[in-house]
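# Close look at the chain arrangement
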Amino acid sequence: MGDTDKTQRSLMLRIKASLAEAVMSAKAISEQTGKEFLYKYICTSVAVQNRFRYANVTAETNFDRLAQEHPWLLTERLVVKPDQLIKRRGKLGLVGVNLDLNGVREWLKPRLMKETMVGKAKGILKNFLIEPFVAHKQEEEFYVCIYATREGDYVLFHHEGGVDVGDVDTKAKKLLIGVDEKISEDTVNKELLTHVPNHKKGVLANFIVGLFNLYEDLFFTYLEINPLVVTKDGVYVLDMAAKIDATADYICKAKWGDVEFPPPFGREAYPEEAYIADLDAKSGASLKLTLLNPRGRIWTMVAGGGASVVYSDTICDLGGVNELANYGEYSGAPSEQQTYDYAKTILSLMTREKHHDGKVLIIGGSIANFTNVAATFKGIVRAIKDYQEPLKEHEVTIFVRRGGPNYQEGLRVMGEVGKTTGIPIHVFGTETHMTAIVGMAMGHRPIPNQPPVAAHTANFLLNSSGNTSTPASSRTSSFSENRMRVEGSPAKRVKTGAPAAKATTLFSKHTKTIVWGMQTRAVQGMLDFDYVCSREEPSVAAIVYPFTGDHKQKFYWGHKEILIPVIKNMGDAMKKHPEVDVLINFASLRSAFDSTMETMQYPQIHTIAIIAEGIPEAHTRKIIKTADEKGVTIIGPATVGGIKPGCFKIGNTGGMLDNILASKLYRPGSVAYVSRSGGMSNELNNIISITTDGVYEGVAIGGDRYPGSVFTDHVLHYQDTPEIKMIVVLGEIGGTEEYKICQAIKQGRITKPVVCWCIGTCATMFSSEVQFGHAGACANQASETAVAKNKALKEAGAFVPKSFDELGDIIKSVYDDLVAKGVIQPAEEVPPPTVPMDYSWARELGLIRKPASFMTSICDERGQELIYAGMPITEVFKSEIGLGGTLGLLWFQRRLPRYACQFIEMCLMVTADHGPAVSGAHNTIVCARAGKDLISSLTSGLLTIGDRFGGALDAAAKQFSKAFDSGMLPMEFVNKMKKDGKLIMGIGHRVKSINNPDMRVQILKDFVKQHFPSTHLLDYALDVEKITTSKKPNLILNVDGFIGVAFVDLLRTCGGFTRDEADEFVEIGALNGIFVLGRSMGFIGHYLDQKRLKQGLYRHPWDDISYVLPEHMSM
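Residues numbered from 1 in each chain as written. Predicted model: local features only at pLDDT ≥ 70, side-chain atom pairs only at ≥ 80, totals over all residues. Heavy atoms only, no water.

### Brief notes about the packing of aromatic side chains
A full pass over the atoms with the stated rule returns 23 aromatic pairs. Considering the side-chain rings of Tyr-147 and Tyr-154, the 5.6 Å spacing of their centres and the 20 degrees angle between planes classify their relative orientation as stacked. With relative accessibility at 0%, the residue Tyr-147 sits in the buried group. Put simply, the rings of Trp-891, Phe-892, Tyr-899, Phe-903, Phe-1012, Phe-1047, Phe-1057 and Phe-1065 pair up and form one aromatic cluster. It is Lys-27 that lies over the ring of Phe-261; its NZ or CZ is 5.1 Å from the centre. (Phe/Tyr/Trp six-rings, centres within 6.5 Å; stacked < 30°, edge-to-face > 60°. Buried < 20%, exposed > 50% of the residue type's maximum accessible area, 1.4 Å probe, protein only. Lys NZ or Arg CZ within 6 Å of the ring centre and 35° of its normal.)

### Details of the packing of helix α29 (residues 898-910) against helix α34 (residues 999-1011)
Contact geometry of α29 with α34 gives a least axis separation of 11 Å together with a crossing angle of 175 degrees. In terms of orientation, α29 lies roughly antiparallel with respect to α34. Between α29 and α34, the contacting residues are Tyr-899, Gln-902, Phe-903, Met-906, Cys-907 and Val-910 on the first element and Arg-1000, Ile-1003, Leu-1004, Phe-1007, Val-1008 and His-1011 on the second. (Axes fitted to C-alpha atoms, helices over the stretch in contact; angles between N-to-C directions. Helix = DSSP H or I, 4+ residues; strand = E, 2+ residues; numbered from the N terminus. Parallel < 35°, antiparallel > 145°, perpendicular 65-115°, else oblique. Contact = heavy atoms within 4.5 Å.)

### Topic: the pairing of strand β8 (residues 141-149)
Along β8, nine of the nine residues are buried, which leaves the element largely enclosed by surrounding structure. By the alternation rule, side chains of β8 split into Glu-141, Tyr-143, Cys-145, Tyr-147 and Thr-149 and Phe-142, Val-144, Ile-146 and Ala-148, which are all buried. Bridge count between β8 and strand β11 (residues 220-231): six bridges; the pairing is antiparallel. What sits directly across from Val-144, in β11, is Ile-225. Where β8 lies against strand β9 (residues 152-158), seven bridges are found, and the strand directions are antiparallel. Paired with Val-144 across the two strands is Phe-157, which belongs to β9. Linking β8 to β9, which pair antiparallel, is a turn of two residues. (Pairing = 2+ DSSP bridges.)

### Observations concerning the nonpolar core
If you look at the biggest cluster of nonpolar residues, it comprises 102 residues, and the most contacted ones within it are Ile-584, Val-729 and Phe-804. When residues in this core are grouped by element, the largest group, seven residues, is from helix α16 (residues 520-532). Non-local contacts of Ile-584, meaning those with residues more than four positions away in its chain, are made with Thr-513, Ile-514, Val-515, Trp-516, Met-526, Ala-609, Ile-611, Phe-648, Lys-649, Ile-650 and Gly-651. Of all hydrophobic cores here, the second largest spans 61 residues; its members include Val-1001, Ala-1046, Ile-1074 and Phe-1083. (Core = buried A, V, L, I, M, F, W, Y, C linked by side-chain atoms within 4.5 Å.)

### Considering the packing of helix α32 (residues 952-965) against helix α37 (residues 1059-1067)
Close contact between α32 and α37 brings their axes to 9 Å; oriented N to C, the two are set at 140 degrees. Between α32 and α37, the angle falls in the class oblique. In this structure, α32 contributes Asp-954, Ala-957, Lys-958 and Asp-965 to the contact, and α37 contributes Arg-1059, Val-1066 and Glu-1067. Class assignment for the residues of the contact of α32 with α37 results in two nonpolar, no polar and five charged. (Nonpolar A, V, L, I, M, F, W, Y, C, P; charged D, E, K, R; others polar.)

### Observations concerning the state of the cysteines
With the rule as written, the count across this model stands at zero disulfides. Here Cys-742 is not disulfide-linked; the sulfur of Cys-756 is the nearest cysteine sulfur, at 7.6 Å. For Cys-742, a relative accessible area of 5% corresponds to the buried category. (Disulfide = S-S within 2.5 Å.)

### Regarding helix α24 (residues 786-796)
Turning to α24, its buried residues are Ala-786, Lys-789, Asn-790, Ala-792, Leu-793 and Ala-796. Seen end-on, α24 carries its buried residues on one side only, within an arc spanning 165 degrees. Along α24, exposed side chains directed more than 90 degrees from the buried face belong to Lys-791, Lys-794 and Glu-795. Buried positions along α24 lie against β31 (726-732), α23 (737-746) and β32 (754-759). The positive-phi residue at the C-terminal boundary of α24 is Gly-797, with phi of around 120 degrees. (Arc of directions from axis to C-beta.)

### A closer look at the environment of Arg-862
In this structure, Arg-862 sits in the loop between β33 (859-860) and β34 (867-868). Taking C-alpha positions, Arg-862 is 37 Å from His-619, a pair spaced 243 residues apart along the chain. One polar contact links Arg-862 to Asp-860, side chain to side chain, over a distance of 2.8 Å. (Polar contact = N/O pair within 3.5 Å; in protein donor to acceptor, adjacent residues only side chain to side chain.)

### Topic: the sheet that holds strand β19 (residues 425-428)
Pairing is parallel in the open sheet, where four strands are placed in the order β15-β17-β18-β19. Across the chains shown, the open sheet's two edge strands, defined by having one partner strand only, are β15 (298-300) and β19. Mean inter-strand twist for the sheet, computed between neighbouring axes without regard to direction, equals 15 degrees. Where strand β18 (residues 396-401) lies against β19, four bridges are found, and the strand directions are parallel. Within β19, the residue paired with Val-400 across the bridge is Val-427. Relative to strand β17 (residues 359-363), helix α11 (residues 336-350) is tilted by about 165 degrees, and along the sheet it contacts β15, β17 and β18.

So, to be careful, I would describe these as geometric facts and stop short of saying anything about function.
Given below as structure tokens:
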């Protein structure tokens, strides 16, 4: 009997850091889930024993019922062990072996729901797995493991498995199955099974091939079995550890089902975490929350995956590790409602238990690329207002630092809420170093009384020179940017058997790109950047969008409007634009793989930026392999892109135009950088612009485990670019890529100064694994921690600060030294051309105002929830106001009494239809039989409604109201109408009479008399009816007249309207709306009835027409 736990520890030492728990990729699953997948889906001719023979035990388990569900528990010897991602269970005494069911229960008593230490982590044992005990010999135990790397998947095999297998990393046979390659039994036999007895080779080879195919099909990233027992009866999977690529859920959902990902041992799964995870799953934005210490006094609400790690690092560096309550991040432009939900969750958590020193909330972030800071801050402000009393009671102080689109308005709103609520809120913008607020919050640095105020967004758009013409480029272009081909001719590649060489220069002033996806805001941002960089032509040649036909989309080029083609097919776009050599792929995570692979079929493309986050790693590796073969540079996935000041920018990189100008990204500097994080790359733009002459080129390679290009790809490119004088690298925990930079420095391949800092130094201080904001940001061995990499970089000769707080100081020091040595000669600044601000954005900033084209007061669909006249749609249903109540909200802007809602519904019911003979129904039927559609047929019927048919409600209400209000007696009213030669609207019926009453009127009359507080006008109309029916029995108060007068009584006496308001609703035609709405139901019914009966074209019969022609014509 063996256990995976001991061997897993040594094996993990060689697997990349990003194999560990990650937010967006490889996630550990329970042993039970892993075995369930294996038993269900493995394809092998080998007999896999004990399929589905496992039982789960928790504190709620009823053992009698468990035995009924799993009868084998009563007949077999058993093994019991915790199933909670615990390593080395055997060594910790956490495996019970060769027990009966009573023995299992006794073994569990001192362990189930008991606190246990595993390494530095303390947690509760709450989930156990019972399986049949398999008696076997030591020589029948084997070890097998499959895990993913950038270049392919390794299969490890050792002929001696079990708990004492030792260091399998050095002992085991290894077989690399490259990306897109297939495994075979012959290869397994030859490479892995050399020490296996011949009579077992066939079984093992067949099983390993089946296991590898299962691993690929179900998107595993790690799959270990130790021991794998092979006997004459078949194979037994005793212990198993596994991880799957959670981003492949949309592919594997049918097979995976609803997978639960257990938290690392030592960290409880909180319902608030599950709530935020659910919000995240339903949103295009990113929302993450991990609770570390709910009793801690330091809470964070940070925008951006990279920034969230930096803030955690700084808190821990300043001694706050034991007080850090949470880790989390929000990014990707969440809506106001989403940030409200996220913020209220954190505020709720932090105001449950008081701290003797009070608490601090750090609302931080880097400079956003495209998130509207003001919009997200509005959600946070709402949450602060809702929790203002608990926040004051718990003595919470809030520190805010943010930059990006509309950040000034966001900071203003945040400052205002501090003043109005009395909560201490300290607000800072881009003038303050990103993590300075951490020192302030923890008392390590003073809080400025009045921090410097950054210029308003609008000020950056004003040309200080007063010259409106477009100036020449402000800096000399790099000699490496010389145009290597005539504009308009496609770039060619030499076809050889070896992988194609990648372009040495990614972007130039003449780079042309195709954008995949209808990203109009990003495209306009690129064009504005092109314009301020004094490019001759826009960098965007075309947009590919498969969901519409070919057309042209309007954009701005400076002051004038231009058209950019939108093309449905990628092949057509490439043929029409042979000058294009870059693709910016905004496709979703589901289609990014296919669109990228398609693009690489065209040899003119040498660079592809993939923006989407959450692409399955297996797909990314296939992209990387194809790109390497074709000589294409991939930036991303999960990136904002990159920027080459004065030349070209990818999508939203660098943020909006105000940040482009503030960070001087419109002209090249002398410093190049590479980072993983998109948000942090914009922060680097800011830091470098403040401390040096600016950025020459910058790339965010993306936060996934396998970025398309790696740090050294770009650092070596920077080394070989003469205009670049120094290099900045923002690395992070996880992976070993930074060590390649160390090696290149030591070997003399990199000679330029390199300033480097790896974020994630806090990770070594936590007792359990924390899911950071990037899929690759996690370490499983000491050398992959940020601390170890920072130390190695410093020893290699890189310039490494003590913390991120000091990064700007180190960059400035190195730059100043290069200037002093004459290596860098700062150029004279030349102002960029003026670019007008978009109207929509100017209005967002509050710089202009314009009268609205429409006004509405009944409905608002802009928020998270639809609102009817001030009532949220959820409340509409909770209150059960029905159709009548809904009509009351939308027509009368009132919450009407229950009886009024019922009366409205009754009116709709009685007016719904009156047979096919009436004019409206007749018209509808004729149209339907002429083959017209529903809308046309309905409209035809509705057009007949007027004073003669159905439209008498308003007229009746007006006539009776006027007579009644003037004090005219019923007889006087009847005589006056007769004298004037006018019909009394609402009086008379072609069929019904005093002797044959209309039951519709009778039903309504009974209800009104019972429920209405007053019926003065109705009583008046009934007195008129007595007079008219005495003259002719069919001159009754008809249904139109009854509804008209009863509705006036309702409006005047229900208490919701003034007399003037009630009269106004009658005057503007509200009552006829009742008939129109009700009768529409009947007209639609007639339309559907004719279609269902398959009635043909209607032609009126001759014998029903009197042909009366003039006599001279008939002769």
